[in-house]
Amino acid sequence: MNVFLGLIVGLLAGAHTATWGMYKDAVHEGFGARYLRSVLIGGVVAGGLVYGLDIDMSRASNYVILFGLVYVLERVITEFWKTFIRVEDQSKYFIPMQFTVFGKVQNRRTQLLSGAAWLTVVLLLITGLVWFQRLTPDPIPGWLAVGIAGSLGGWIAAVGGAWKDAPYEGFEWFKFFRSPFVALCYGILIAHFTDSLLVIALAGEGFTVATLETYKTFFFPNKPRGKWTGKPILYPDMLRKRQYFLPLYIGIWVAIVTAFVVAFRQPHAGLVNIL
């Protein structure tokens, strides 16, 4: 039953990220298998996490944490694939989706080596966070540890976003610091449910992506995503059809906010410590 409930959470997290992506992209590239890709990845990731960590899905706090974990891992898997593995014609984009250096798309060898280097750096940061928690003496303030963990994912996203977007859109200070700040805020909330700094960092960044993409997509529905700037709308019928997905998207937000509220009302019982 735990795995089944976790699978539902994962499918909903995948549907959430797929919906905001489709809302902006479908008018330019149509509606297709890309939507199901995120949903399926979310389900597989959630099932693996619940089974591997033996997560107790009777706790509302674990629904919250699992949603955040699945969200960030789905994004990492998908963006890693698009940036460092996939090869496609980049002329259809204003901002290329493959790995670039100062805005120039790199050759296949550099693309793969850069992907390996990026993955290595992320794994080193995760390892460092794990050892930080293990070796931190008691006198170190808990707020400092949570602050480091809570904003870590936001800093990774901010640097990666600036690397990709700044050569085309210019560097924006507000945009750069926005992700770390929001991630820190979510990290503080997640810290009420688990003592694991790694979980705080990952789940906090998952909710950061969900929040910022919701803001950028639905508060500015007529503003194209950066990669589509100046590109024509090839599928105008999707301007109408994409509205059909809004009840699902809103419903998922209502469910996760409800889980947050219920979790705060329950006695503290964090996720299995994965350190």
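This text follows the structure it describes.
A brief structural summary.

How each quantity is defined
- Residues numbered from 1 in each chain as written.
- Predicted model: local features only at pLDDT ≥ 70, side-chain atom pairs only at ≥ 80, totals over all residues.
- Heavy atoms only, no water.
- Axes fitted to C-alpha atoms, helices over the stretch in contact; angles between N-to-C directions.
- Helix = DSSP H or I, 4+ residues; strand = E, 2+ residues; numbered from the N terminus.
- Parallel < 35°, antiparallel > 145°, perpendicular 65-115°, else oblique.
- Left-handed = near helix turned anticlockwise from the far one by under 90°.
- Contact = heavy atoms within 4.5 Å.
- Phe/Tyr/Trp six-rings, centres within 6.5 Å; stacked < 30°, edge-to-face > 60°.
- Buried < 20%, exposed > 50% of the residue type's maximum accessible area, 1.4 Å probe, protein only.
- Lys NZ or Arg CZ within 6 Å of the ring centre and 35° of its normal.
- Core = buried A, V, L, I, M, F, W, Y, C linked by side-chain atoms within 4.5 Å.
- Salt bridge = Lys/Arg side-chain N within 4 Å of Asp/Glu carboxyl O.

1. Thoughts on the packing of helix H6 (residues 173-190) against helix H7 (residues 197-218)
Logical step 1: One can describe the packing of H6 onto H7 by two numbers: an axis separation of 8 Å at closest approach and a directional angle of 125°. Comparing the axis directions of H6 and H7 gives the class oblique. For H6 against H7, the interelement crossing comes out right-handed. Of the residues in H7, those in contact with Arg178, Ser179, Val182, Ala183, Tyr186, Gly187 and Ile190 of H6 are Val199, Ile200, Ala203, Gly204, Glu205, Phe207, Thr208, Thr211, Leu212, Tyr215 and Lys216.

2. Considerations on the packing of aromatic side chains
Logical step 1: Going through the model one piece at a time under the given rule, you end up with 26 aromatic pairs.
Logical step 2: Ring plane angle 65° and centroid distance 5.8 Å describe the contact between Phe94 and Tyr168, whose orientation is recorded as edge-to-face. Here Phe94 is found in the loop between helix H3 (60-85) and strand S1 (100-101), whereas its partner Tyr168 is found in helix H5 (residues 142-169), with 74 residues between them in sequence.
Logical step 3: Judged by its relative accessible area of 30%, Phe94 falls in the partly exposed class.
Logical step 4: For Tyr168, a relative accessible area of 27% translates into the label partly exposed.
Logical step 5: Three or more aromatic residues joined by ring pairs form one cluster here, namely Phe67, Tyr71, Tyr186, Phe193, Phe207, Phe260 and Phe264.
Logical step 6: Positioned over the ring face of Trp131 is Arg134, at 5.3 Å from the centre of the ring.
Logical step 7: In this structure, Arg242 packs its charged tip against the face of Tyr23, placed 4.0 Å from the ring centre.

3. As for the nonpolar core
Logical step 1: Counting residues in each nonpolar core, the largest one holds 53 residues, and the members touching the most others are Leu66, Phe67, Ile190 and Phe207.
Logical step 2: Secondary structure elements with two or more residues in this core: helix H1 (2-29), helix H2 (33-53), H3, helix H4 (108-135), H5, H6, H7 and helix H9 (246-265).
Logical step 3: No other element matches the 10 residues that H7 contributes to this core.

4. A word on the pattern of salt bridges
Logical step 1: Summed over all chains, the structure comprises 13 salt bridges.
Logical step 2: The residue Glu29 makes a salt bridge to Arg34 at a minimum N-O spacing of 3.8 Å.
Logical step 3: Take Arg34: its relative accessible area is 38%, and that puts it in the partly exposed class.
Logical step 4: Note that Glu74 and Arg75 form a salt bridge whose closest N and O atoms lie 2.9 Å from each other.
Logical step 5: Connected via shared salt-bridge partners are Glu29, Arg34, Arg86, Glu88 and Lys92.

5. Structural notes on the side chain of Ser151
Logical step 1: Note on placement: Ser151 falls in helix H5.
Logical step 2: Ignoring anything within four residues of it in the chain, the contact list for Ser151 reads Pro180, Ala183 and Leu184.

6. Some remarks on unusual backbone geometry
Logical step 1: Within the chain, Asp54 stands out as a residue other than glycine whose phi angle is a positive 55°.
Logical step 2: One can find Asp54 in the loop between H2 and H3.
Logical step 3: Judged by its relative accessible area of 57%, Asp54 falls in the exposed class.
Logical step 4: The phi dihedral of Phe102 is positive, around 55°, even though this residue is not glycine.
Logical step 5: Topologically, Phe102 is positioned in the loop between S1 and strand S2 (104-105).
Logical step 6: Look at Phe102 and you get exposed, because its relative accessible area is 78%.

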